[in-house]
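What follows is each chain in one-letter form.
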Amino acid sequence: MDTTYYDHGTPAERWERAQLFFDARDYAAAARVLGKLVEEVPEQTGPRLLLARAYYHSAQLRRAESELHVIIERDPVEQYARLLLGRTLQRQGRDGEAEPHMRLASALAGDFEQL
């Protein structure tokens, strides 16, 4: 089996490595590690949310959007996923689609002034 640095080690080791890449702002490398990790543990929200964030920060907006939709489908009240989906849609110039997600994220955070 041919492994690279990105997919070497246990899932916990790769999660830690992905976080290090993300913290170092190497979002493409973080996404590379997280993509395979999410395939292995698709039910876990943490890796998928960090993958969406890595995609967002590396301007892979369609990929970020896709991951965020999976999270929201499973957990409709995941506040940060709603916020990030709204921002992702805004960056794509899709403000009308972003608005409901931004409003719901604000409500879930207890910020009713924007409503």
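Use the structure listed above.
The structure reproduced in this document is the subject of the present report. This one's a predicted model, so the numbers in the text were calculated from it and none came from an experiment. (Residues numbered from 1 in each chain as written. Predicted model: local features only at pLDDT ≥ 70, side-chain atom pairs only at ≥ 80, totals over all residues. Heavy atoms only, no water.)

### Regarding the side chain of glutamate 78
Tracing the chain through its elements places glutamate 78 in the loop between α4 (61-74) and α5 (79-91). In this structure, glutamate 78 is buried with no salt-bridge partner, the nearest side chain bearing the opposite charge being arginine 82 at 9.0 Å. One polar contact links the side chain of glutamate 78 to the main-chain amide nitrogen of tyrosine 80, over a distance of 3.3 Å. Leaving out residues up to four positions away in the same chain, glutamate 78 has contacts with Leu49 and Ile71. (Helix = DSSP H or I, 4+ residues; strand = E, 2+ residues; numbered from the N terminus. Buried < 20%, exposed > 50% of the residue type's maximum accessible area, 1.4 Å probe, protein only. Lys, Arg positive; Asp, Glu negative; His and termini not counted. Salt bridge = Lys/Arg side-chain N within 4 Å of Asp/Glu carboxyl O. Polar contact = N/O pair within 3.5 Å; in protein donor to acceptor, adjacent residues only side chain to side chain. Contact = heavy atoms within 4.5 Å.)

### Things to note about unusual backbone geometry
Of note, the phi angle at arginine 25 is positive, near 65°, even though the residue is not glycine. Structurally, arginine 25 is set in the loop between α1 (11-23) and α2 (27-40). For arginine 25, a relative accessible area of 67% translates into the label exposed. In the Ramachandran plot, alanine 59 falls in the positive-phi region, its phi being about 60° despite a non-glycine side chain. Mapped onto the fold, alanine 59 is located in the loop between α3 (45-57) and α4. Judged by its relative accessible area of 49%, alanine 59 falls in the partly exposed class.

### Focus: the side chain of histidine 101
Relative to the helices and strands, histidine 101 resides in helix α6 (residues 95-108). On the basis of relative accessibility, which here comes to 14%, the residue histidine 101 falls in the buried class. Dropping the residues within four chain positions of it, histidine 101 is found in contact with Arg82, Leu85, Gly86 and Leu89.

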